[in-house]
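# A look at the structure
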Amino acid sequence: MKRKLMLLVMLAVTLFIALGCSRSNPLVIWVGAEVQEFYQEKMEEYIEYYNANNDEPFPFVVEVRAADTGSAAATFLDDMDAGPDILTVAHDNLGRLIAGAGAIRPVQSQALLSQIESQNPETFLNVITANVGGTEYVFGIPYEAQSLILYYNKKYLTEEDVQTWEGIWSVAQEQGKRSLSITGTDGFNNSFLVLSSVVETGERIVRLYEDGVLENTEFVTDYMVSVLKWGQRFFTSPNGARQASDSGWSADLSTETSLTVIGGAWHFNEARASLGNNLGIAVLPQFTLTEDDVYGDVQAGTVMQSGTFTDTKMFVMNRSSDKLDYLEDILLFLTHKDVQEQSFVRNSTLPAYKNALQEFDAMQADDIRTQLAVAQIAMFEHGIPQPFGREARFNVFYYQRQAPDRILSILRNTDNRFNTDAAIVTEMIAIERIWLGHRD
């Protein structure tokens, strides 16, 4: 009897110590605040399944923590020892995460590699890999996506109006309002013209670090000159496009100063609060180049499609984690298309799964959140992923060396400095050199 009692005491002590160790060394996952509760619940499901199918219980407490996914990579790199085991980043952070010795671990599980290959569009597959030591590795596991779309005021604009910028512009002129407020002047939020394409051919008019090569970059093209001239007419018109007012883009919508805003899913709640039942959502409009716009070999009447960056959020693994043996199976579960659909229903997140629009029942509804998802997916045809993940310097060249400000100056015709084709082309050459890393 004493022996049995002693064994029970020893077992209880062992379990207490194990539980204490697991709580002091939890398995930590970073996700966006909007999905933190959902993924904590998913991990509880995972642990329950694991325990039912293994002889030993799952050895760690799991903590899913909210993090700003836009800055998660930088925060992680600042203090990797205090970082999570799994974190969420935008795909264009890949370059900085693998620089030097590398902070993240490539995927090795064949099951996970096969799921990544089968679930994701080619555009995402091209931006989650990196070459290390002459070998191409998969580092990112996509599970969410995003693109820019149009929020518009249904009180004034019809579905037909918002098919073209000219349709919106015409209504704005009739109503004495502005056609558009851009949410930011940076190279992301004000990218709809730079990333535009020719409707007839689908040809993109600008090249940005194609195939991860610095020199595969071209801004100075006849089409881009023509589009900037069109954009200059649009931005200098009293009823055209504008930077958001000092009160902010949402105030521009709510006061009916501007009829539309270009934004992402992260702008949805503000847009709905501003317009209520008058909120409409659509793909970004087309526009037509006129005789006043065309340059070089471009023909008047050419129809252009506004463009966007179509990005993926992805999970990556901390190379220094002491739980690496468990992470890939967790990620196989968390990024499965079924969990992506559940997150869409619960959190209105946009799945990365390539066939979501056709296969997910929830995508067939007609509520405003479904319209948001469908519009974003439709924009994937007219966009490219941010091509900055292969090398961290690409992000700096594109965003942080005054190129966005100089593009906006052309569109605004600041101080009347860009009244001629020659002046526009000269400034475009300077912008292209910035993108290529030149400082002069």
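Residues numbered from 1 in each chain as written. Predicted model: local features only at pLDDT ≥ 70, side-chain atom pairs only at ≥ 80, totals over all residues. Heavy atoms only, no water.

Glancing now at the domain arrangement of the protein. According to the domain assignment, the protein consists of domain 1 (25-145 + 311-384) and domain 2 (148-309 + 401-435). On a C-alpha basis, the centres of domain 1 and domain 2 stand 31 Å from each other. Contact with domain 1, which involves 13 residues of that partner, is made by 20 residues of domain 2. Counting the surface lost from both domain 1 and domain 2, the interface buries some 1400 Å², and carbon and sulfur atoms represent 67% of this. At the boundary of domain 1 and domain 2, one finds 0 salt bridges. Taken together, the connections running from domain 1 to domain 2 amount to 3 residue pairs in polar contact (both at pLDDT 80 or more). Broken down by secondary-structure element, the contributors of at least two residues to the side of domain 1 that touches domain 2 are α14 (368-379) and β19 (383-384). When residues in the side of domain 1 that touches domain 2 are grouped by element, the largest group, 8 residues, is from α14. (Domains from an automatic or database assignment. Contact = heavy atoms within 4.5 Å. Buried area = accessible area lost by both parts, 1.4 Å probe. Salt bridge = Lys/Arg side-chain N within 4 Å of Asp/Glu carboxyl O. Polar contact = N/O pair within 3.5 Å; in protein donor to acceptor, adjacent residues only side chain to side chain. Helix = DSSP H or I, 4+ residues; strand = E, 2+ residues; numbered from the N terminus.)

For the protein, per-residue confidence averages 90 on the pLDDT scale, and residues scoring 70 or more make up 94% of the total. Counted against residues more than four places away or in other chains, residues 5-21, with its pLDDT under 50, gives 0 contacts. (pLDDT = per-residue confidence, 0-100.)

Take the packing of aromatic side chains next. For any pair of aromatic rings, the description consists of the separation of the ring centres together with the inter-plane angle of the planes. Evaluated as defined, the whole model comprises 32 aromatic pairs. Note on tyrosine 46 and phenylalanine 333: the rings are 5.7 Å apart at their centroids and 40° apart in plane angle, and the pair reads as tilted. A residue pair is termed long-range when its members are at least 10 positions apart, and tyrosine 46 in helix α2 (residues 36-53) and phenylalanine 333 in helix α11 (residues 324-334) qualify at 287 residues. By relative accessible area, phenylalanine 333 is classed as partly exposed at 24%. Aromatic rings pair up to connect Phe188, Tyr209, Phe219, Trp266, Phe309, Phe388, Phe394, Tyr398, Tyr399 and Trp435 into one cluster. It is lysine 323 that lies over the ring of phenylalanine 60; its NZ or CZ is 5.3 Å from the centre. (Phe/Tyr/Trp six-rings, centres within 6.5 Å; stacked < 30°, edge-to-face > 60°. Buried < 20%, exposed > 50% of the residue type's maximum accessible area, 1.4 Å probe, protein only. Lys NZ or Arg CZ within 6 Å of the ring centre and 35° of its normal.)

Grouped together as the largest cluster of nonpolar side chains are 74 residues, with contacts concentrated most on Trp165, Phe192, Tyr209, Phe219, Leu228 and Trp435. When residues in this core are grouped by element, the largest group, 7 residues, is from helix α8 (residues 222-236). Each of two domains, domain 1 (25-145 + 311-384) and domain 2 (148-309 + 401-435), supplies a minimum of three residues to this core. With sequence-adjacent residues up to four places away left out, phenylalanine 219 is seen in contact with Val194, Val206, Met224, Leu228, Ile407, Met428, Ile431, Glu432 and Trp435. (Core = buried A, V, L, I, M, F, W, Y, C linked by side-chain atoms within 4.5 Å.)

Here we come to the sheet that holds strand β10 (residues 197-198). Reading across from one edge, β10-β15-β14 is the order of the 3 strands in this open sheet, with antiparallel pairing throughout. The two strands at the open ends of the sheet, each matched to only one other strand, are β10 and β14 (286-288). Pairing between β10 and strand β15 (residues 303-305): 2 bridges, direction antiparallel. Counted as the bridge partner of valine 198 is methionine 304 from β15. (Pairing = 2+ DSSP bridges.)

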